[in-house]
Amino acid sequence: MALVELRNVSKIYHLGGEEIRALDDVTLDIDAGEFISIIGPSGSGKSTLMHILGCLDSPSKGTITLDGTMIHNASARQLASIRNQKIGFVFQFFNLLPKLNVLQNVELPMIYSGISGKERKERAMAALKLVDLENRSKHRPMQLSGGQQQRVAIARALVNSPKIVFADEPTGNLDSHTGEAILNLFYKLSKEGRTIALVTHDPEIAAVTPRRIEIRDGKIAKNVDNKLAGLGGTSKFVIKE
Amino acid sequence: MNLFNSILVGFKEIWAHKFRSLLTMLGIILGVSSLIGMSAITKGMENGMKESLMAMGGVDKAITEEQDVPAYQQDLADSAPGRTMRDVYALKNSASLLRLISPQMALLPAMASRADKRIRPSELVGVWPAALEMDLHVLEHGRFFTDLDEEYANPVCVIGTAIRDELFGDPDEIGTEIIPLGQTINLNGQAFRIIGMFQRYESDVDKKAREYARLHPAKEKTGPKRSKGWGSGRNWAFRRKNLTIYVPLNTMWIRFRSSGTGTNGIPNPKLSDIDIKVKDVENFPEALQQAKNVMMITHNGIEDFGFQTQQGSVENINAAIRNARMSGGIISAISLLVGGIGIMNIMLASITERIREIGIRKAIGASTLAIFLQILVESVVIALIGGVAGVATSFGLVKLLGQLSPTDNTPIVTVASMIFAFLCSAAIGLVAGIFPALKAAKLNPIQALRYE
Ligand SMILES: Nc1ncnc2c1ncn2[C@@H]1O[C@H](COP(=O)(O)OP(=O)(O)OP(=O)(O)O)[C@@H](O)[C@H]1O
Ligand SMILES: [Mg+2]
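Definitions and cut-offs
- Residues numbered from 1 in each chain as written.
- Chains lettered and ligands numbered in written order.
- Predicted model: local features only at pLDDT ≥ 70, side-chain atom pairs only at ≥ 80, totals over all residues.
- Heavy atoms only, no water.
- Near = heavy atom within 4 Å.
- Polar contact = N/O pair within 3.5 Å; in protein donor to acceptor, adjacent residues only side chain to side chain.
- Areas by Shrake-Rupley, 256 points an atom, 1.4 Å probe, with all protein chains shown as cover.
- Helix = DSSP H or I, 4+ residues; strand = E, 2+ residues; numbered from the N terminus.
- Pairing = 2+ DSSP bridges.
- Contact = heavy atoms within 4.5 Å.
- Axes fitted to C-alpha atoms, helices over the stretch in contact; angles between N-to-C directions.
- Expected span 1.5 Å × (residues − 1).
- Buried < 20%, exposed > 50% of the residue type's maximum accessible area, 1.4 Å probe, protein only.

Novice: Looking at this structure, how should I read the site of ligand 1?
Specialist: Residue and element names in this part refer to chain A. Near ligand 1 you find 14 residues, and of these Ser42, Gly43, Lys46, Ser47 and Thr48 are the closest. Here an oxygen atom of ligand 1 and a side-chain polar atom of Ser42 are 2.4 Å apart. Take Ser47: an N or O atom from its side chain is 2.7 Å from an oxygen atom of ligand 1. In the complex, 70% of the free accessible area of ligand 1, which totals 640 Å², lies under the protein chains. Elements with a minimum of two residues in the shell around ligand 1: strand E1 (4–15) and helix H1 (46–53).

Below is the structure:
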């Protein structure tokens, strides 16, 4: 059984009588340990898919199983707990809390899972070490560069040891050099055995991931467009093995 | 997320918006301090009124009064006997529920004089020694009347301090206290020897003020000395009591009334008052009925008398206090309500400002309940800080009110009112926080994250 199983998932918005199928009958499996990129033109439904996978949104139709739990009809409370325990989410705009310092930001998910202060701090520091930012723990997010902020966000996503990490255009707001560093970080995490799914516009990034999915008009495309998917697996990005 | 954490977050949030939070708290501060202030005023009023009530003789006292005979007895009006010593002896022998009977024979008009000084006493009455307890008098100097005084109708009197003040000098003005025992004064033209003087009756507040004035003498007053008239005493009940002159009942009869002084030359054995006190306040109505039955016999069935009790005043006082409490309560409730609305308003503004933060918190696993509690705790913390500040402010407010208050009843702050007001502020924070907290908790994470 795959870690994530989507069966005939649709997300339908109704706007003034008009029906918008942001996702249209998507069936998809993600196995534990996979490193997937999701590509597709703007408005094709990538973020919608990510939100549904990340339990931030629920589908209009279809079934989803995550780590053996059916989440398409879970209650708000169960979803909150799944988001907290099993899922790490990385956003394009970092989404750190500006009033908290780096350490507190990373600690936040553990506060909601009721972990004691001491353990919280230890694990947050360990996660910061993983992204190489342990010496910035007392800084405010605004005092960090974009790439550093994104690394804090990744540390926060990892701190509760989730089953899977979803990243919606994690490099979309960064220059290509910083983006490369983030991509390397994901690659490293993937090599350590973490399951990662990331959305990107950038074919060069898609080229790095072992598996690529393309979405067009809310559907998973049969064949991945080679141009979009990084010219068949060569990338300008240098991956440090 | 435990409660302590939430409270800490709440404090930080408030600290981050100090000025805004202060303005919000102002409503609660005003509400709480006005609640405490109002209750302090009412309490002060209550005490003042009770003091006055005691000065008038307490609640177990009843005064018989002369009344027109009822309509159906109109033909008997001429033979109405009025209240006399017959009633007194009958009551003494037969009314078992009474503890104290004090006949009084007043002389009107009355005038006390010494050399060129004269004063109109509030009452010049002949009494039995029972009057001492009846009117809650305390004899501070000298002695009260003996059986011999009564028997021989001795020309002796016991006076209140205000009489002394007027005829011999006010200790506050001349600096030393004169105790005029053995001195002779004129009462309606007859010489009387002073054998006793009551204590000075005054409210606690006046007493304190007087003692303060004695310890910190004010500068020499200039200008003509003003006489202390009826209105100058801050509390007429006390002033009136200090202006009393008592003589033995028999003295009054023999020396004034039997010769017809003040009654157009006709001897008048009628008593001006028969005051009674009941044994047990619980049986007040029964005791009154018994006294009435006895007096109906001595009055040959003619109902030319009635009873006047303090029960009415007690009810009046209680009603006045109830009213004051009610209006004070309404005012404080309104200001607390306004404070609550202020808190709700600021919490709504605060969550609108923090929609994105709430979205982020939800995205990383904050449950609906956790968000709800976070906002609620913030609201309660604001209200509680406001409550504490309000309690502190109330001390100043009460001081101010004490200075401004028209009565001489100093407001009294009670701990109970402080605790109550504080709990009120907590409850208001809770209630005001519920709606914003619900609103925040129900936010959809995706929409919240998209919010700019
Ligand atoms: N709340 C909504 N109400 C109505 N339509 C929506 C809503 N959210 C998304 N959509 C529509 O769903 C479709 C897919 O949107 P989505 O955000 O998933 O695209 P995307 O692939 O992430 O695009 P981009 O690459 O530009 O981020 C779009 O047509 C969008 O207009
Ligand atoms: Mg998108």
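Novice: Looking at this model, I keep getting lost on the sheet that holds strand E5 (residues 69–70) of chain A. Mind explaining?
Specialist: Across a sheet, paired strands are connected by hydrogen bonds in the backbone, their directions being either parallel or antiparallel. Residues and elements named next belong to chain A. Reading across from one edge, E2-E1-E4-E5 is the order of the 4 strands in this open sheet, with antiparallel pairing throughout. Every interior strand has two partners, whereas the edge strands, strand E2 (18–30) and E5, have only one. Note: E1 against E2, 9 bridges, orientation antiparallel. Its bridge partner lying in E2, Glu5 is registered against Asp29. Strands in contact with H1 are E1, E2 and strand E4 (61–66); relative to E1, the strand with the most contacts, it is inclined by about 120°.

Novice: Looking at this model, I keep getting lost on the interface of chain B and chain A. Mind explaining?
Specialist: You'll often see interface size given as the accessible area lost when the parts meet. With 22 residues of chain B at the interface, the matching set in chain A holds 20 residues. There are 4 residue pairs in polar contact (both at pLDDT 80 or more) connecting chain B and chain A.

Novice: Got a minute to help me understand helix H5 (residues 146–158) of chain A in this structure?
Specialist: Because the α-helix completes a turn every 3.6 residues, residues three or four places apart line up on one side. Taking 1.5 Å of rise per residue, the 13 residues of H5(A) would be expected to cover 18 Å, and the 18 Å separating its terminal C-alpha atoms lies within 8% of that figure. Of all 13 residues in H5(A), 11 are buried, a share of seventy percent or more. Taken together, the buried positions of H5(A) are occupied by Gly147(A), Gln148(A), Gln149(A), Gln150(A), Val152(A), Ala153(A), Ile154(A), Ala155(A), Arg156(A), Ala157(A) and Leu158(A). If you follow the buried residues of H5(A), they end up packed against strand E6 (87–90), helix H3 (102–112), helix H4 (117–130), strand E7 (164–168) and helix H6 (176–191) of chain A together with helix H13 (355–363) of chain B.

Novice: Looking at this structure, how should I read the sheet that holds strand E8 (residues 195–199) of chain A?
Specialist: Residue and element names in this part refer to chain A. Taken together, the 6 strands give an open sheet; going across it, the order is E6-E7-E8-E3-E9-E10, and neighbouring strands pair in mixed fashion. In this open sheet, the two edge strands, each paired with only one partner strand, are E6 and strand E10 (219–220). In this structure, strand E3 (residues 35–39) lies alongside strand E9 (residues 211–216), joined through 4 bridges in parallel fashion. Residue pairing for E9: Ile36 is matched across the bridge by Arg211. Relative to E8, H6 is tilted by about 150°, and along the sheet it contacts E3, E6, E7 and E8.

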